[in-house]
Amino acid sequence: MLQQRLPNSTLILIFGILSIVVCCCYGVGIIFSIIALVMAPKAIALYKEQPEVYTGYQNVTMGRILAIIGLILNLIFIAWMIYIFSAYSWEEIQQMNEEIMRQYGIE
């Protein structure tokens, strides 16, 4: 019997990777995480019905794990940004940013 690729298995993996890569982009990675986590159960259910027909289950499980990790990292980053903006004024944040840029010679 000819095996076929599990639908969206590669896309789930790519979205899981992207959720981690863009975790410091002010929560954009949450979008990729949620999409991957919504698509993964459908692919898993399809595979569990007929495992001998499909390949690519590893991509789905790895993409799901990466999406969970990406979601956690994004939530941590958003919590950190909320803390920074609530603990410091805008002027203090700008001063810290300028100091860091001077320290590394970026002007």
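Residues numbered from 1 in each chain as written. Predicted model: local features only at pLDDT ≥ 70, side-chain atom pairs only at ≥ 80, totals over all residues. Heavy atoms only, no water.

A. Fine view of the overall build of the chain. A count of helices and strands for the chain gives four helices and two strands. Counting from the amino terminus, helix and strand elements in the chain follow one another as β-α-α-β-α-α. For 107 residues, the compact-globule formula gives about 13 Å, and the C-alpha radius of gyration of the chain, at 20 Å, lies well above that figure. Structurally, the chain occupies a C-alpha span of about 65 × 30 × 15 Å along its principal axes. Per-residue burial for the chain yields a buried fraction of 30% across its 107 residues. Counted over contacts in the chain with a minimum sequence separation of 6, partners at least 24 positions apart contribute 78%. Accessible area for the chain stands at about 7,400 Å²; split by element, carbon and sulfur atoms hold 66% of it. Counting 5 positive and 7 negative side-chain charges, the chain places the averaged centre of each group 20 Å from the other. (Helix = DSSP H or I, 4+ residues; strand = E, 2+ residues; numbered from the N terminus. Rg over C-alpha atoms; globule rule 2.2 N^0.38 Å. Buried < 20%, exposed > 50% of the residue type's maximum accessible area, 1.4 Å probe, protein only. Contact = heavy atoms within 4.5 Å. Areas by Shrake-Rupley, 256 points an atom, 1.4 Å probe, with all protein chains shown as cover. Lys, Arg positive; Asp, Glu negative; His and termini not counted. Charge placed at Lys NZ, Arg CZ, Asp CG, Glu CD.)

B. Focus on the environment of N74. Mapping N74 onto the fold places it in helix α3 (residues 57–87). The buried category is assigned to N74, whose relative accessible area is 0%. Once the C-alpha coordinates of N74 and S19 are considered, the two residues, 55 residues apart in sequence, prove to be 7.9 Å apart. What N74 contacts, discounting residues up to four positions off in sequence, is S19, V22, C23, G27, V28, G29, I30 and S33.

C. Structural detail: the confidence of the model for the chain. Residues at a pLDDT of 70 or more form 98% of the chain, whose mean pLDDT is 93. For the chain, strand β1 (residues 4–5) is the element with the lowest average pLDDT, namely 92, and helix α1 (residues 9–21) is the one with the highest, namely 96. (pLDDT = per-residue confidence, 0-100.)

D. Main features of a nonpolar patch on the surface. A grouping of M62, I65, I68, I69, I72, L73 and I76 is seen on the molecular surface, where their side chains present a nonpolar patch of about 590 Å² in accessible area. Structurally, the position occupied by I65 is in helix α3. We classify I65 as partly exposed; its relative accessible area is 47%. (Patch = residues over 30% accessible without salt bridge, like charges linked within 9 Å, V, L, I, M, F, W, Y side chains within 5 Å. Salt bridge = Lys/Arg side-chain N within 4 Å of Asp/Glu carboxyl O.)

E. Molecular detail of the nonpolar core. L6, I12, F15, A36, M39, A40, A43, I44, V53, Y54, V60 and A67 form the largest nonpolar core, which has 12 residues in total. Per-element tally for this core: the top contributor is helix α2 (residues 28–49), with five residues. In contact with A67, other than residues within four places in its own chain, are G16, S19, S33, A36 and L37. (Core = buried A, V, L, I, M, F, W, Y, C linked by side-chain atoms within 4.5 Å.)

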